[in-house]
Amino acid sequence: MSNSLTAEINDLLKPAPYMTVIICVGNVLRSDDGAGPYIASHLKNTKKLAVFDAGYTPENFIEEVVELKPGRIIVIDAADFGGEAGEVKIISEEDIPESSLSTHAIPMKLIYHIFKDDTDSDIRFIGIQPKSVKYDEGLSPEVKAASDMIISQINKEFADA
């Protein structure tokens, strides 16, 4: 795992002139799949940032997010993209699976399309490569370190936003 985030991810995690919504997705009972909720628990809402811990049912927050009329929606989730454990990557729309291969009730691709249809937001997915998603509590050291980097970057950037 790299000990820093890419420039593209750092830029994405900066405040913009509009509201940014971060939706953290995952299941804390499935080891590294709990990265999203872990990240959400360490972030604070500001004037330009709204954070949602969506657990494994992000569809339950669609209406609330749409009502905010954000300019940007960032979904953070554990995602197996074949990288090294703890690697952080922006997942393109084309690489979001059509079917639900993870712990989520409905496919993330469907969530993407709902947000795209209901908002004019720039929608991005940040994936963290899990080491394990077996039934177990707690993050692997690699995924915890990556999650802490994301938390640090967002808290630094949005501290006064």
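Preceding block: the structure.
Given the structure is predicted, the values throughout are model-derived calculations rather than measurements.

Caption draft 1: Broad picture of the pairing of strand E1 (residues 20-25). Extensive coverage of E1 is indicated by the burial of 6 of its 6 residues. What you see with E1 is no split at all: Thr20, Ile22 and Cys24 on one side and Val21, Ile23 and Val25 on the other are buried throughout. Where E1 meets strand E2 (residues 49-55), 6 bridges bridge the pair, whose relative direction is parallel. Across the sheet, residue cysteine 24 finds its bridge partner in E2, namely aspartate 53. Handedness of the E1-helix H2 (residues 35-41)-E2 crossover: right-handed. Pairing of E1 with strand E3 (residues 72-78) involves 5 bridges; the strand directions are parallel. Note that in E3 the partner of cysteine 24 across the bridge is isoleucine 76.

Caption draft 2: The pattern of salt bridges, seen in detail. Applying the stated rule across the entire model yields 4 salt bridges. Of the charged contacts in the structure, one is a salt bridge between arginine 124 and aspartate 122, with a shortest N-O distance of 3.1 Å. Across the salt bridge formed by aspartate 148 and lysine 144, the nearest N and O atoms sit 2.8 Å from each other. Placement of the pair is aspartate 148 and lysine 144 together in helix H5 (residues 141-158), with a separation of 4 residues, close to one helical turn. For lysine 144, a relative accessible area of 36% puts it in the partly exposed group.

Analysis parameters
- Residues numbered from 1 in each chain as written.
- Predicted model: local features only at pLDDT ≥ 70, side-chain atom pairs only at ≥ 80, totals over all residues.
- Heavy atoms only, no water.
- Buried < 20%, exposed > 50% of the residue type's maximum accessible area, 1.4 Å probe, protein only.
- Helix = DSSP H or I, 4+ residues; strand = E, 2+ residues; numbered from the N terminus.
- Pairing = 2+ DSSP bridges.
- Right-handed = clockwise from strand over helix to strand, strands pointing away.
- Salt bridge = Lys/Arg side-chain N within 4 Å of Asp/Glu carboxyl O.

That's the geometry; what it means functionally is another story.
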